[in-house]
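Working through the structure, step by step
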Amino acid sequence: MTPSINRLIIAQVFRALFFAGPIFTLFLLAKGLSLQQALTLTSVVLLSGMLFEIPTGIFADKYGRKWSMAIGSLVSVVGWLIWFYINTFIGFAFVYFLFGLANAFWSGSNEAFVYDELKIIGRENDAQKTFSRYNGALAGTYAIAVFIGGLIASTHTMATYYILFKMTFITSIIGFLFTLTIKETKHAPLGDDVSHKEQKALQQFSVGINLLKKNSKLRKIVFFSTLTVSFALMELYQVYFSRAAVPASWYGYALALSSVLIAVAKWNAYRLERWFGVEKSMLIISVLPALFWIAMAIIIHPVIAIMLFIFNDVIGNTRDPIIVDYQNRHIDSQNRATVLSTISLLTNGYIAIMLPVIGWIADKNLSAAFISAAALIIFGNIAFRIRADDVVIVS
């Protein structure tokens, strides 16, 4: 990896130190919000990201991925500052809106930055391995954060909750400062060190849409990735643990252990294709989460509940570096951030629509919500199963 990629990882590591992970839903419930409102807040993040996804992708392609990520980090800092002064659903919705904006500035830019940096030194074939280790490092960092958070907030009091948010606020500032140290080389179609060609926003947006229309392989990968994503687990697992009478301390321990295993899995995710081939590896990372959702709907036992959550979380996240590599194989360097932003827009739109639906079902019957999540994943596998020739680069 290049020095610039290493600096990006450091910046992301500090952004990944989200100490409040194991108590986030509990905090919102303690503030008087319902479970449906908590899921709606996640939709607000996604809808905000959708609103700004294309403009921020265009900004990144025109002015540089570094500055896009830096602005995103700064917006996160502002959001956390406001966090300490709000107590209503509307107030939280506003902060979540800012978090969605921050995510939009990062979305696509970090992946495009890594891929293009590798391409400069002629190592784009190492992209999947690099993405695996990049995401694995972030997952490991998150594991440390939630383990510490679980220890500090083991009494589940509002005072300890706010300690975790203050710690997160400080690390977000450090992450922003490290983002400013990243050095970026601008890219053009031929790899020359020239500025990006200016284009109108609509023309830039059409790049992503047209590529998805013309490239059936990329389109299939995107639909597969979107429909088989295992969403709502983070919002619902604490409710599931409560139902299964899992000890309070294990809310954080389970999340930390899951994150460690995710780090290991993502670090070695590129090996799946070598071991099982494209088709079998895609089935492993998509069908297994559906089976775990079904098991969670049926089995209510504290120990087994912890195991099912961990397995579901780990397998569901292992796919990320693999899918990113498959998508990037079909995208040119110059407009990579814009195209990836378009893809992220579609995925976030799907999840934003389905989250309130799953939340509504969960309020009625938690097991039914789990079965519904599994059914969506199974449908995605049936309709858009990935085969070996789908990941071959289109010249």
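Below is a short write-up of the structure.

Rules used in this analysis
- Residues numbered from 1 in each chain as written.
- Predicted model: local features only at pLDDT ≥ 70, side-chain atom pairs only at ≥ 80, totals over all residues.
- Heavy atoms only, no water.
- Helix = DSSP H or I, 4+ residues; strand = E, 2+ residues; numbered from the N terminus.
- Rg over C-alpha atoms; globule rule 2.2 N^0.38 Å.
- Buried < 20%, exposed > 50% of the residue type's maximum accessible area, 1.4 Å probe, protein only.
- Contact = heavy atoms within 4.5 Å.
- Areas by Shrake-Rupley, 256 points an atom, 1.4 Å probe, with all protein chains shown as cover.
- Lys, Arg positive; Asp, Glu negative; His and termini not counted.
- Charge placed at Lys NZ, Arg CZ, Asp CG, Glu CD.
- Axes fitted to C-alpha atoms, helices over the stretch in contact; angles between N-to-C directions.
- Left-handed = near helix turned anticlockwise from the far one by under 90°.
- Nonpolar A, V, L, I, M, F, W, Y, C, P; charged D, E, K, R; others polar.

This part is about the overall build of the protein. Secondary structure summary: the protein contains 17 helices and 0 strands in total. Computed over the C-alpha atoms, the radius of gyration of the protein is 20 Å, within 12% of the 21 Å expected from 2.2 N^0.38 for a compact globule of 395 residues. A principal-axis box enclosing the C-alpha atoms of the protein has dimensions of 60 × 45 × 35 Å. Burial statistics for the protein: of 395 residues in total, 56% are counted as buried. In the protein, once contacts between residues fewer than 6 apart in sequence are set aside, the share between residues at least 24 apart is 85%. In the form shown here, the protein has an accessible surface area of approximately 16200 Å², with 66% of it arising from carbon and sulfur atoms. With 31 positive and 21 negative side-chain charges, the protein shows a spacing of 3 Å between the two charge centroids.

Relative to the helices and strands, A38 resides in helix α3 (residues 35-63). We classify A38 as buried; its relative accessible area is 6%. Taking C-alpha positions, A38 is 11 Å from W360, a pair spaced 322 residues apart along the chain.

Two elements in contact, helix α12 (residues 250-267) and helix α14 (residues 302-318), have axes whose closest approach is 9 Å; the angle formed by their N-to-C orientations is 35°. Helix-helix and strand crossings are classified by hand; for α12 and α14 the assignment is right-handed. Contacts between α12 and α14 involve W250, A254, L255, L257, S258, L261, I262, A265 and K266 from the first element and I306, F309, I310, D313, V314, N317 and T318 from the second. Residue composition of the contact of α12 with α14, grouped by class: 11 nonpolar, 3 polar and 2 charged.

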